[in-house]
Amino acid sequence: MSMPMHERIRIAGTFGLAGALLLAVGDQCLYFAAASGADFLHGLRGIVAAAPTGRVLFGAGLAPIAALLYLAGFWHVYMRLRAPHPRIAAVIAIGLALCLLAGTTYHALWGAKALAMKATLGATASAQPALAMLEAQLQAFAANVYLIAEISGYPSAVLLAMMIAAGRSDYPRWLALLTPAIPLVILQFVAPYTPAPFGSLVGGSASNLSFALFFAASIATLHEPIRADVSCASS
């Protein structure tokens, strides 16, 4: 007996939630510190350089696993959006997937960035210029990768919120307030004012926490039957 479509969609959403939480754990492996938000944002380089190397590399290595789980979550989002606008739903899902793939690549690059930071700070005076140049090159490359995530992610997140708010999806309209862009903006705003020891959590994992909140809300509001099932049955 085959699994009902709504159950497949629910499981995919659960995978997406797990991916967001796993990547948030990866964030904290990279740069956890029991600091306030202001101290975390101003001292990030020193925090990363002082973090245990094994922990940092473990956190960076979680990126591909989290990416796979995240992609299942975006299929879940597509299935909830696709009736009655499958093309727009596909654009949103693909945009979010591209954002995620670039974002997890950027996350993995933190392993190399951290090693460069550690080497630069611990090097002799004669070696520091060359290592500082290497660190700057890694930072520039990572910034370009992150730019891809921003270019694809922000428009997709805004379009997602607009579709839900307009009632053009399986989602209740109020859930537009929990789409990733809105919690992300709020968390980024409050990050500098976050008290210790939650500074690195809010300041460093805002994006993944925002997606985790959205996936959780999406799973909670998934009811049988959904329009995606009707669409499948009629196609």
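Basis of the calculations
- Residues numbered from 1 in each chain as written.
- Predicted model: local features only at pLDDT ≥ 70, side-chain atom pairs only at ≥ 80, totals over all residues.
- Heavy atoms only, no water.
- Helix = DSSP H or I, 4+ residues; strand = E, 2+ residues; numbered from the N terminus.
- Buried < 20%, exposed > 50% of the residue type's maximum accessible area, 1.4 Å probe, protein only.
- Contact = heavy atoms within 4.5 Å.
- Areas by Shrake-Rupley, 256 points an atom, 1.4 Å probe, with all protein chains shown as cover.
- Lys, Arg positive; Asp, Glu negative; His and termini not counted.
- Charge placed at Lys NZ, Arg CZ, Asp CG, Glu CD.
- Salt bridge = Lys/Arg side-chain N within 4 Å of Asp/Glu carboxyl O.
- Core = buried A, V, L, I, M, F, W, Y, C linked by side-chain atoms within 4.5 Å.
- Patch = residues over 30% accessible without salt bridge, like charges linked within 9 Å, V, L, I, M, F, W, Y side chains within 5 Å.
- Axes fitted to C-alpha atoms, helices over the stretch in contact; angles between N-to-C directions.
- Parallel < 35°, antiparallel > 145°, perpendicular 65-115°, else oblique.
- Left-handed = near helix turned anticlockwise from the far one by under 90°.
- Nonpolar A, V, L, I, M, F, W, Y, C, P; charged D, E, K, R; others polar.
- Phe/Tyr/Trp six-rings, centres within 6.5 Å; stacked < 30°, edge-to-face > 60°.
- Lys NZ or Arg CZ within 6 Å of the ring centre and 35° of its normal.

## Some details on the overall build of the protein chain
And then number 1: In terms of regular secondary structure, the protein chain is built from eleven helices and zero strands.
And then number 2: Helices and strands appear in the protein chain in the N-to-C order α-α-α-α-α-α-α-α-α-α-α.
And then number 3: The principal-axis extent of the C-alpha atoms belonging to the protein chain is close to 70 × 30 × 30 Å.
And then number 4: The 235 residues of the protein chain split such that 46% are buried.
And then number 5: Once local pairs closer than 6 in sequence are excluded, the contacts in the protein chain between residues at least 24 apart make up 80%.
And then number 6: Surface accessibility of the protein chain: about 11300 Å² in total, with carbon and sulfur atoms responsible for 74%.
And then number 7: In the protein chain, the 12 positive side-chain charges and the 8 negative ones have mean positions that sit 5 Å from each other.

## Description of the pattern of salt bridges
And then number 1: This model, assessed by the stated rule, comprises three salt bridges.
And then number 2: A salt bridge links E135 to R45; the shortest N-O distance between them is 2.8 Å. Placement of E135 in helix 7 (residues 128-165) and of R45 in helix 3 (residues 44-50) is noted, with a sequence separation of 90 residues between them.
And then number 3: The class of R45 is partly exposed, set by a relative accessible area of 35%.

## A closer look at the nonpolar core
And then number 1: Among the nonpolar cores identified, the biggest contains 24 residues, and Y70, F74, L81, L160 and I164 are the most heavily contacted of them.
And then number 2: Setting aside anything within four residues of it in sequence, one finds L81 in contact with A89, I92, L160, M163, I164, R168, S169 and Y171.
And then number 3: Counting residues in hydrophobic clusters, the runner-up holds 21 residues, among them F40, V48, Y106 and A149.

## Here we look at a nonpolar patch on the surface
And then number 1: On the surface, L177, I182, I186, F189, V190 and Y193 cluster together into a nonpolar patch covering about 640 Å² of accessible area.
And then number 2: Residue position: F189 is located in helix 8 (residues 181-190).
And then number 3: A relative accessible area of 60% places F189 in the exposed class.

## Thoughts on the packing of helix 5 (residues 63-81) against helix 10 (residues 206-220)
And then number 1: It is at 11 Å that the axes of helix 5 and helix 10 come closest, and there the two elements cross at 45 degrees. As the angle between them shows, helix 5 and helix 10 are arranged oblique. The two elements helix 5 and helix 10 meet at a crossing, and its hand is left-handed. Here helix 5 contributes Y70, G73, F74, H76, V77 and R80 to the contact with helix 10, which in turn contributes N208, F211, F214, F215, S218 and I219.
And then number 2: Here the contact of helix 5 with helix 10 is built from residues that sort into seven nonpolar, four polar and one charged.

## Notes on the packing of aromatic side chains
In this description, an aromatic ring pair is defined by two values, namely the gap between the centres and the angle between the planes.
And then number 1: The full count for this structure, using the stated rule, is 13 aromatic pairs.
And then number 2: Where Y31 meets W110, the ring centres are 5.4 Å apart and the plane angle is 75 degrees; that geometry is what we call edge-to-face. Taken together, the residues Y31 in helix 1 (residues 5-31) and W110 in helix 6 (residues 86-122) connect sequence positions 79 residues apart.
And then number 3: Given the relative accessible area of 8%, W110 is considered buried.
And then number 4: Among the aromatic residues, ring-to-ring pairing joins Y70, F74, Y171, F211, F214 and F215 into one connected group.
And then number 5: Positioned over the ring face of Y171 is R80, at 4.2 Å from the centre of the ring.
And then number 6: We note K113 situated over the ring of W110; from NZ or CZ to the ring centre the distance is 3.7 Å.

## So, the environment of Y70
And then number 1: The residue Y70 is located in helix 5 in this model.
And then number 2: For Y70, a relative accessible area of 2% corresponds to the buried category.
And then number 3: Considered as a pair, Y70 and G13 are 57 residues apart in the sequence and their alpha carbons are 8.7 Å apart.
And then number 4: Residues within four places of Y70 in sequence aside, it is in contact with F15, G16, G19, A20, L23, L100, N208, F211 and F215.

The quantities given are spatial measurements derived from coordinates; they are silent on function.
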